[in-house]
Amino acid sequence: MKASALAPANIAFIKYWGRLDHDLFLPLSTTNSMNLSACLAHTTVEFSSSFAQDEIVVRDSSGSEKRLLADDGEKSSGLFCTLDRARQLSEIDLKARAYSTLTFPISAGIASSAAGLCAFVAASFSALGLSQKVDDREELSREVRLSGSVSAARSTHDGFTEHLFGENHQQAVTRQILSANGWDLVDIVAVVSSSEKKISSALGHRLADTSPLMEGRKRYLPDKAEQLREALLQRDFDTLSLLSEQDTLNMHAVMMTSRPSALYFQPGTIELIHAVKSWREDGVPVFFTIDAGPNVHVIAPQASASEVSKRLKSCASVEFVLENTVGDGVRIIDEHLF
Ligand code: PMV
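Residues numbered from 1 in each chain as written. Predicted model: local features only at pLDDT ≥ 70, side-chain atom pairs only at ≥ 80, totals over all residues. Heavy atoms only, no water.

A.B. asks: What is the right way to look at the overall build of the protein in this model?
C.D. replies: Within the protein one finds 11 helices and 14 strands. Projected onto its principal axes, the C-alpha positions of the protein cover 60 × 40 × 40 Å. Taking all 338 residues of the protein together, 59% fall into the buried category. When the accessible surface of the protein is summed, it comes to about 13,500 Å², and 49% of that surface belongs to carbon and sulfur atoms. On the protein, the mean spot of the 33 positive side-chain charges and the mean spot of the 43 negative ones are 3 Å from each other. (Helix = DSSP H or I, 4+ residues; strand = E, 2+ residues; numbered from the N terminus. Buried < 20%, exposed > 50% of the residue type's maximum accessible area, 1.4 Å probe, protein only. Areas by Shrake-Rupley, 256 points an atom, 1.4 Å probe, with all protein chains shown as cover. Lys, Arg positive; Asp, Glu negative; His and termini not counted. Charge placed at Lys NZ, Arg CZ, Asp CG, Glu CD.)

Have a look at this one:
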């Protein structure tokens, strides 16, 4: 009983930070994103009577392998809970072995958990014959969210997606805004540091309410996802830029002022924020957005991609770049990793 899945990371425009409910992982408001074509997780899960215990191994782009344990943190425990949930729903009580490879560094603000959890849930459910829950993408998005990550739940649909605010498990689902070929944008991820972040997003969501700025974020948020959705539908790059940059800085202000402070920016992050703003003044259509890490996602229309990439590579703080177009959502695939 074996299945494999391929899922993309995504970059959020209106970000998810803090939760309405920490058990159901419900976001405080609707959050949206674009899938990344080149930042992928490929995961194989097998259930068998010959396995004595569950074993999950992850390998990232540096080639380093890590065996995950249920008490490694909320995201790891979410993987083990997913196996239990799949066994419970299918009434098949077999232990599992899982192997996952990523095309990018783990825990550096490139949503490794989004790609990883999404592929893992789809492969686990599929391996145990729960294909209905995988084929129904809204239902899959609920299951992926329950595994511990709203950003992962946004990777269940193709292209540009949103995970809707809901007061309960049923209401909070992912919907597509635009297909992958709906708008030719690129996300060039400028990596200024690949080292693992000190405060995981799982912890950060619990710290958000300790920031004195969180009340302001809650007041500002409600209509933002709707405005951003409209900007995507209108292919309005200026509004997309304005709303995304504002939301990034708003979220990071909350992060920096939580207790303890989740300060993800590095000197290179600040250098790139200034660089992107000055390129825009030169007439290059481009904006920045930053998740829970120091690396800067630089978004531009496809027509400006090579110019932006060239400029990024000439910045002293950029170690390397990862170039993405808009990607599809999770897929069940035939290529098994073992
Ligand atoms: O889904 P999580 O728990 O990995 O949290 C994602 C948090 C951010 O990346 C900072 C924002 C987002 O919406 O992706």
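Alright, that's what it looks like, and here's the rest.
A.B. asks: What exactly am I supposed to notice about the side chain of Ser4 here?
C.D. replies: One can find Ser4 in strand β1 (residues 2–12). Residue Ser4 is classed as buried on the basis of its relative accessible area of 0%. A polar side-chain atom of Ser4 sits 3.3 Å from the main-chain carbonyl oxygen of Glu335. A distance of 2.6 Å separates polar atoms of two side chains, one belonging to Ser4 and the other to His336. With near-sequence residues (within four places) excluded, Ser4 lies in contact with His42, Thr43, Thr44, Ala123, Arg331, Ile332, Ile333, Glu335, His336 and Leu337. (Polar contact = N/O pair within 3.5 Å; in protein donor to acceptor, adjacent residues only side chain to side chain. Contact = heavy atoms within 4.5 Å.)

A.B. asks: Looking at this structure, how should I read unusual backbone geometry?
C.D. replies: Keep in mind that most residues, glycine aside, have a negative phi and that most peptide bonds are trans. The omega torsion across Arg259 and Pro260 is -5°, close enough to zero to call that bond cis. By secondary structure assignment, the location of Pro260 is in the loop between α9 (237–256) and α10 (267–281). The phi dihedral of Glu91 is positive, around 55°, even though this residue is not glycine. For Glu91, the position within the fold is in the loop between α1 (74–90) and β7 (95–102). The backbone of Arg235 shows a phi angle near 50°, a positive value even though the residue is not glycine. Tracing the backbone through its elements, the reader meets Arg235 in the loop between α8 (224–233) and α9.

A.B. asks: Please clarify how the site of the ligand should be interpreted in this entry.
C.D. replies: What surrounds the ligand is a group of 16 residues, the closest being Tyr16, Lys75, Ser149, Ser151 and Arg154. For the ligand, an oxygen atom lies 2.7 Å from a polar atom in the side chain of Ser149. One of the side-chain N or O atoms of Ser151 is found 2.7 Å from an oxygen atom in the ligand. In isolation the ligand offers 380 Å² of accessible surface; the protein chains occlude 96% of this area. When contributions to the shell around the ligand are tallied by element, the ones reaching two or more residues are α5 (150–153) and α6 (201–207). (Near = heavy atom within 4 Å.)

A.B. asks: Got a minute to help me understand the packing of aromatic side chains in this structure?
C.D. replies: Two aromatic rings are characterised by how far apart their centres lie and by the angle between their planes. If you walk through the whole model with that rule in mind, you get four aromatic pairs. Seen in terms of ring centroids, Trp17 and Tyr264 are 6.5 Å apart; in terms of plane orientation they differ by 90°. Their pairing is edge-to-face. Taken as a pair, Trp17 in the loop between β1 and β2 (19–21) and Tyr264 in the loop between α9 and α10 lie far apart in primary sequence, 247 residues in all. The same class applies to Trp17 and to Tyr264, which are both buried. Seen in terms of ring centroids, Trp183 and Phe237 are 6.4 Å apart; in terms of plane orientation they differ by 90°. Their pairing is edge-to-face. With a gap of 54 residues between them, Trp183 in the loop between β9 (174–178) and β10 (185–191) and Phe237 in helix α9 connect regions that are remote in the sequence. Overall, the relative accessible area of 10% leaves Phe237 in the buried class. Ring pairs connect the aromatic residues Phe13, Trp183, Phe237 and Phe287, which therefore count as one cluster. (Phe/Tyr/Trp six-rings, centres within 6.5 Å; stacked < 30°, edge-to-face > 60°.)

A.B. asks: Please clarify how the pattern of salt bridges should be interpreted in this entry.
C.D. replies: As a working rule, side chains carrying opposite charge can pair if their charged atoms are close by. Counting across every chain of the model gives 24 salt bridges. Ionic pairing is found between Arg87 and Asp84, a salt bridge with its closest N-O pair at 2.8 Å. Highlighted residues: Arg87 and Asp84, both in helix α1, separated by three residues, approximately one helical turn. We note a salt bridge from Lys313 to Glu323, for which the minimum N-O separation is 3.5 Å. Taken together, the positions of Lys313 in helix α11 (residues 305–313) and Glu323 in strand β13 (residues 320–324) put the pair 10 residues apart, joining distant regions of the chain. Assessed through its relative accessible area of 53%, Lys313 is described here as exposed. You can call Glu323 partly exposed: its relative accessible area is 45%. Within this structure, Arg85, Lys133, Glu139, Arg142 and Glu143 form a network of salt bridges that share partners. (Salt bridge = Lys/Arg side-chain N within 4 Å of Asp/Glu carboxyl O.)

A.B. asks: Can you walk me through the state of the cysteines in this structure?
C.D. replies: Each disulfide consists of one covalent bond between the sulfur atoms belonging to two cysteines. Summed over the entire model, instances satisfying the criterion amount to zero disulfides. Unpaired in this structure, Cys81 has its nearest cysteine sulfur neighbour in Cys118, at a distance of 17 Å. The closest cysteine sulfur to the non-disulfide-bonded Cys315 is located on Cys39, 19 Å from its own sulfur. The exposure class of Cys315 is buried, given its relative accessible area of 10%. (Disulfide = S-S within 2.5 Å.)

A.B. asks: Sorry, what's going on with the environment of Gly148 here?
C.D. replies: Mapped onto the secondary structure, Gly148 falls in the loop between α4 (137–146) and α5. On a C-alpha basis, the gap between Gly148 and Glu74 in space is 7.1 Å, while along the polypeptide they are 74 residues apart. Those residues within four positions of Gly148 in sequence are excluded, and the remaining contacts are Arg19, Phe25, Lys75 and Leu117.

Functional significance is not addressed by these values, which are geometric in nature.
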